[in-house]
Amino acid sequence: MSDIRFDNVKVGYDGKVIVDEVSFEAERGCITALIGPNGAGKSTILKTASGLIKPVDGSVYIYGRPIDEYSAKDLYSIVSVMMTDRIKTKFMTCFDVVRVGRYRYTGIFGGLTDNDKRVIKESMEMIGVWELRDKDYNTLSDGQKQRVLLARSIVSSPQILIMDEPASFLDMGRKIEFFDALTDLVKKKSITVLISMHEVELIKKVADKVICIGNEGKIDAMGDAKELIRPEYMERLFNMDKGKYEEYYG
């Protein structure tokens, strides 16, 4: 049984369909990447998968159960969501930022048990940001901030991680750092990752499966990343002139 399954879903807002006939599965221990032109509907699919918006029509299943049958508490004990928005903090250390992800365990007063502190430390160590724990989050580089947010996403011990272009603000070196941390996390924790990416040059290194969303509002293709990420197809998907992909990406 797949962890996430879309069964002929229409996704969109206020009854307006953005992407039609969405059917795919995301499995445990794998990174499933959504790619496609800006505005094609990748973020809309992710928000539907995470329960942030409801499908216009059709069903999304988490562990074989319709997503609308989950209470918010039960759903977010399974699913963690990391969107593109830069968070704004005031006088918060990196430890404080990560502990926010632990709130569903700490109760309304936010008190941390010894076990909570252990899990926060382990999560920050796993992503390589424990040494930043006492630093003001606002003083970090963009790469460091994204790694801290990744630690915050996993501190609740999710089984599914949904991410919307999490490396969009990073330079190439920091992107590689971030995706190294993510792929290592997937191997260690065997979690399911559903992610949108626009880093075509890294997709073959990061993703196990790719789902390509075309400008026509439908899934254009899906399959193994190494088979789909090829010049002639990327040029068609992104409406590029012939030869441009190889000119820039080799």
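Coordinates for the structure precede this section.
One structure accompanies this document, and this report is about it. What you see is a predicted model; the values in this text were computed from it and never measured.

So, how was this worked out
- Residues numbered from 1 in each chain as written.
- Predicted model: local features only at pLDDT ≥ 70, side-chain atom pairs only at ≥ 80, totals over all residues.
- Heavy atoms only, no water.
- Helix = DSSP H or I, 4+ residues; strand = E, 2+ residues; numbered from the N terminus.
- Rg over C-alpha atoms; globule rule 2.2 N^0.38 Å.
- Buried < 20%, exposed > 50% of the residue type's maximum accessible area, 1.4 Å probe, protein only.
- Contact = heavy atoms within 4.5 Å.
- Lys, Arg positive; Asp, Glu negative; His and termini not counted.
- Charge placed at Lys NZ, Arg CZ, Asp CG, Glu CD.
- Pairing = 2+ DSSP bridges.
- Salt bridge = Lys/Arg side-chain N within 4 Å of Asp/Glu carboxyl O.

## A closer look at the overall build of the protein
- A count of helices and strands for the protein gives 11 helices and 10 strands.
- For a compact globule of 250 residues, the expected C-alpha radius of gyration is about 18 Å, and the protein comes in at 18 Å, within 12% of that figure.
- Classification of the 250 residues of the protein by burial places 49% in the buried group.
- At a minimum sequence separation of 6, the contacts of the protein that also span at least 24 residues come to 64%.
- Charge-centre separation for the protein: the mean point of 37 positive side chains lies 5 Å from the mean point of 39 negative side chains.

## Some points on the pairing of strand β4 (residues 57-62)
- Judged from the 5 bridges that link them, strand β1 (residues 4-13) and β4 form a sheet pairing that is antiparallel. Note on β4: the bridge partner recorded for K10 is D57.
- When β4 meets strand β5 (residues 65-66), the two strands line up antiparallel, connected through 2 bridges. Within the sheet, the bridge partner assigned to I62 lies in β5 and is R65.
- Turn length for the β4-β5 hairpin, with the two strands adjacent in sequence and antiparallel, is 2 residues, and the turn residue Y63 shows positive phi of about 55°.

## Here we look at unusual backbone geometry
- Unusually for a residue other than glycine, S157 sits at a positive phi of about 55°.
- Here S157 is to be found in the loop between α6 (142-154) and β7 (160-164).
- On the accessibility criterion, S157 (43% relative accessible area) is partly exposed.
- Positive phi, close to 55°, is recorded for N239, a residue that is not glycine.

## Let's talk about the pattern of salt bridges
- Under the definition given, this model contains 18 salt bridges.
- A salt bridge links D184 to K188, with the nearest nitrogen and oxygen atoms 3.1 Å apart. Highlighted residues: D184 and K188, both in helix α7 (residues 172-189), separated by 4 residues, approximately one helical turn.
- Salt bridges here are not isolated pairs; linked through shared partners, they connect K10, D20, E21 and K218.

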